[in-house]
Structure formats: structure tokens, C-alpha cells
Amino acid sequence: MTIKNLFLNPPIKEKVSIKGWVKTFRANRFISVNDGSSLQSIQCVVDYDNTAEVILNKINTGASIKVNGTLVESQGKGQSIEIQVEKIEILGECDPELYPIQPKKHSLEFLRENAHLRARTSTFSSIFRIRSSISFAIHKYFKENGFFYINTPIVTGSDAEGAGEMFKVTTLDINKAEVNDNNEIDFSKDFFGKETNLTVSGQLEAENMAMGLGKVYTFGPTFRAENSNTSRHLAEFWMIEPEMAFYDLSDNMNLAEHFIKSVLDYIVKDCKEDLYFLNQRLINEDKSKPAQERNELNLLERLDFVINNDFVRITYSEAYEILKNSKPNKKKKFKFPISDWGVDLQSEHERYLVEKHFKKPVIIFDYPAKIKAFYMRMNEDGKTVKAMDILFPGIGEIVGGSQREERLDILKSRIKELKIDEKELWWYLDLRKFGTVEHSGFGLGLERLILFATGMTNIRDVIPFPRTPKNAEF
Ligand code: ATP
Ligand code: MN
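Numbering of residues starts from 1 in each chain and follows the order in which that chain's sequence is written. Ligands are numbered from 1 and chains lettered from A, in the order in which they are written. Where local features are concerned, this predicted model is filtered to residues with pLDDT of at least 70; where side-chain atom pairs are given and counted, the filter is 80 or more; whole-chain, interface and lining totals use all residues. The basis for every side-chain value is the complete set of non-hydrogen atoms in the structure, without hydrogens or water.

### A word on the site of ligand 1
Link 1 in the chain: A single heavy atom is enough: if one lies within 4 Å of a molecule or strand, its residue is considered near that molecule or strand. What surrounds ligand 1 is a group of 15 residues, the closest being His233, Leu234, Glu397, Ile398 and Arg448.
Link 2 in the chain: A distance of 2.8 Å is found between an oxygen atom of ligand 1 and a backbone nitrogen or oxygen belonging to Ile398.
Link 3 in the chain: For ligand 1, the protein covers 82% of the area, taking 590 Å² as the surface of the free molecule.
Link 4 in the chain: For the shell around ligand 1, the secondary-structure elements that each account for two or more residues are β11 (236-245), β15 (396-403) and β16 (439-445).
Link 5 in the chain: Helix and strand definitions follow DSSP, with helices as H or I runs of at least four residues and strands as E runs of at least two, each counted in order from the N terminus. Ranked by residue count, the leading element in the shell around ligand 1 is β15, at four residues.
Link 6 in the chain: Broken down by class, the residue content of the shell around ligand 1 amounts to six nonpolar, four polar and five charged. Pairing of N or O atoms within 3.5 Å defines a polar contact, subject to two protein rules: one partner must be a possible hydrogen donor and the other a possible acceptor, and residues neighboring in sequence count only if both atoms are side-chain atoms. Here, Shrake-Rupley sampling with a 1.4 Å probe gives the accessible areas, and only protein chains in the shown set may cover a residue. Asp, Glu, Lys and Arg are counted as charged, while Ala, Val, Leu, Ile, Met, Phe, Trp, Tyr, Cys and Pro are counted as nonpolar; the rest, among them Gly, fall into the polar class.

### Topic: unusual backbone geometry
Link 1 in the chain: Even without a glycine there, the phi angle at Ala27 is positive, about 50 degrees.
Link 2 in the chain: Within the fold, Ala27 resides in the loop between β1 (15-26) and β2 (30-34).
Link 3 in the chain: Despite not being glycine, Asn183 has its phi angle at roughly 65 degrees, a positive value.
Link 4 in the chain: With respect to the secondary-structure elements, Asn183 resides in the loop between β8 (168-169) and β9 (196-198).

### Some thoughts on the nonpolar core
Link 1 in the chain: By convention a nonpolar core is built from buried Ala, Val, Leu, Ile, Met, Phe, Trp, Tyr and Cys residues, the set being connected through side-chain atoms within 4.5 Å. Type-normalised accessible area, obtained with a 1.4 Å probe on protein chains alone, sets the label of each residue: buried when under 20%, exposed when over 50%, and partly exposed for intermediate values. The biggest cluster of nonpolar side chains holds 83 residues, and the ones touching the most others in it are Ile42, Ile134, Phe259, Leu264, Met388 and Ile390.
Link 2 in the chain: Only heavy atoms enter the contact rule, under which two residues are in contact if any of them lie within 4.5 Å. Leu264 has contacts with Leu303, Val306, Ile307, Leu449, Phe452 and Ala453, leaving out every residue within four places of it along the chain.
Link 3 in the chain: Among the nonpolar cores identified, the runner-up in size contains 29 residues, and Tyr316, Leu323, Phe334 and Val385 belong to it.

The values are spatial; any link to function lies outside them.
Structure below.
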């Protein structure tokens, strides 16, 4: 039986058998055992006099054990039920001198260095159970709303996606690669006969699928080789990219907002215990901070607030005016001052809008064309495009999306302006030749949503084995 099920439906006075890892062993009598099925550990009470010394000596934190016994209502405080042990088996010993995860509070940095063992801690097992629940909620949402799950290639031959620096994929021996007349590596000799990379986005392919299936989404690994060592960037992350035929920008924003709220609402109900635990963890952490650094709302209140309040929607131009006239801008507190219309918004600006000005998630739309990608639909003003970013407190950008340019001539001239090779995108342009329609989509970074859902602050703590610059351990 899993320990979760023992607590859900306790078979009092019956024989039970569980397997798990020892969290603590107190007074040679009380073993706390966890099997990962939930946050809860079961207390197993050992009959000290009738248990062999060799066994008792091996009941150490981290050891895996099998326990047979009778489930009873607990005599002691702190737990409702416990197992009176009749037989105990050591499945895998654990040397207490060597085991890094001691029954005490470890720093998140230390646990990152021991990422192979951190799923044994309450904090990380909670985070990863929530991660699993979010992934399920995402599929559930799309299934219930008429979307089809599609998979786009991880190895991509187009370098025109433009979403970020890419990782090369090659079978060439880079020490011996043949070069052409320009002294460039000859990729025609490579596995695919052309230069290939790991995908930075499945969007272009998803657009093609939406033009036959109507509403689709991708949910897969995404790679960015940018050297941004921040608490919000991974080199390998998971992105959800819905793409919808016949959707304009406002349909797109409505979907994104409803989607995020529905997923958060699902986990608030499905992960009560884990969220409550993480909430307490943050409340305790806050207590040791100076008053002005403490969170105004606790984690559960923040989730509740986002689920039950409309996101603010403003144009880039409105956001620009607010920022330009803001106190930190006038007092030159921004690292990147807001000067002329058209400047790209940095994370400090996004967070000012969300955390200080509106105190709510904000959707900014109609961005200047020159700071956005070639495929975004040009507005009548000829200066802005139908882009939208969703900004979240504590995180900044969580979603980036747009209505796509469906007009062949305009798309072609944008491609030309940006000096992208049109031939690379022949299949993408074909969509605009054969039954083109208005369509839209967006990309949501899974890990950024998990950051918000768990109250964690470093993206390395919400993916089991993070890939970041200079780090591909495990
Ligand atoms: P940022 O400006 O934060 O670097 P971006 O504008 O490059 O992000 P998009 O190309 O719009 O990101 O990707 C869509 C979404 O994917 C983002 O809103 C974010 O949630 C997520 N995302 C992008 N890059 C990363 C990354 N390196 N690590 C984790 N998530 C990411
Ligand atoms: Mn973006």
C-alpha cells in the first residue's frame, strides 16, 4: 500500500505492509517513513526488545525499508495513525556518515548540488508533485477545450525561428570537419545534409498543424543557448505552445488568461497538502526578512488572487507612458532608463508595472514592430504588431504570444526587411498561399508557471535536473 492511501482510508486494526525511506528514527522506537506518494510520512513503532540489534543499527535516515505490522490509531501527538511493527526488513542500507540529506534544514544551493537526492526532501517532493499535477492540468484543459496535442520536431532545420541562440546538432567530427571555399564547415556532409539545431520553439510547425486541425498545442522540451545566467532562464526548459486558427489577438489573450487561471485552480484543489506545506515554508522564511522585503500576500493568497481577478490589459504605448513618468525612471533608478517610445521593456520595468503599479498580472499588447518577431501581425499604424506578453509578479514574462501575419505580401516584406532567407521558410509561406486565415498563439514557459505556483524564486529548483550555462551535471 502507498502511504498516501493509508492516510486516505486507514484500515484500522488490519495488517498492512509498506515500503519507503527512513526520514528519522527516534528513541530506538519511532521510525518516520516516507514513500513519495504524498508529503505525509507514517510513524512505525518498533518493538525494541524483540528487534535484533543488527536491524536496529541499520534503521538510519535514508535507508529503504519494508515494514509489516498492524495499523492503529496513534497514542502519541503529531499523527493520527501509526503502524505497530511486527516485521521489519532493511532493503537498502544507508551510511549516516556519508548520506548528504540529514534530517535538518539544508540550503537550496546545497540541495541543487545534490539534485540526485533532493526528491527525498519535503520541499522538493512537493515541488515535483505539483509540477506533475500542472502538466496533467494543462493536457486536461486543452482536451476539454477542443485542442489536439501535437509534437513538433526537436531537431530543426530552420534557423529563422528567431527566438534565441541555438544549440547545433551535428554528427560531424568538429576537429576534422571539411570546409568549403569560404572556410566554412560544409554541412552538406552532415547527417541531415544541412545545418540543424535544437528547437527554440515549435510555433512555426504548430501553425501549419493548426491550419488543418483548427486548435492544437505542443508541450515539449525547448532549448536556448543564450548565456543568461538568471533565476528565470534555463538552457533546456518545457514550453506549452497553443496555436489556433480563426483567433484574433483578443481571443488569444482571453484564452491565455482563462488557461492560466484554470490550471492554477486545478492545482489549488489537487495539491492542497503540498501547497500548504510550501506556504508555511515561505511564511517562516519571510519572518527572518526585514519588513519591507516580506510578501504582502502569502502563497495561497497569491494563487487565489490571480485565479479570481482579471488581468490588466494595456498597450505597449500605455505601459511606456506609465514607466516614463514613474518615480524610479525620474529618479534614474532603472538600470535601463525609459527614453524614447520603442525601447524594449526589461525585466525591471515589467516587474515595476506588475508589482508596484498595478499589483496584478498584466497583459501588454500592440508592441513596436521592431522589437518583435517577423511573424507578428502588423497593425494599421504600420508601427506596432499584434503581440502580447503576460507579466507575473515575482517573475516578469510568463507568456509571449501574438496574432500571426496571415497576409503573404506583408509577411514577405517583413522577412526581406529582417534579411531572413525566404527559401528557408517556403513551407511557412505556403500557409499564406493556400487558404490563409487569421490565427494566433502563444508560448508559456512551464517552469515559470511552476515558480509562481510554488513560490520558489530560482528556476533551477522547479525542474529535476536543470541545464544552465556551465552546468549539465546529472
Ligand atoms: P525572456 O524575455 O524572459 O528571455 P523570451 O521573450 O525570450 O523570454 P519567448 O521566446 O517569448 O521568451 O518564449 C515564450 C515563453 O517561454 C516565455 O514567456 C517564458 O515563459 C518561456 N521562456 C523563454 N525563454 C526561457 C528560458 N530560457 N528558460 C525558461 N523559460 C523560458
Ligand atoms: Mn517573449
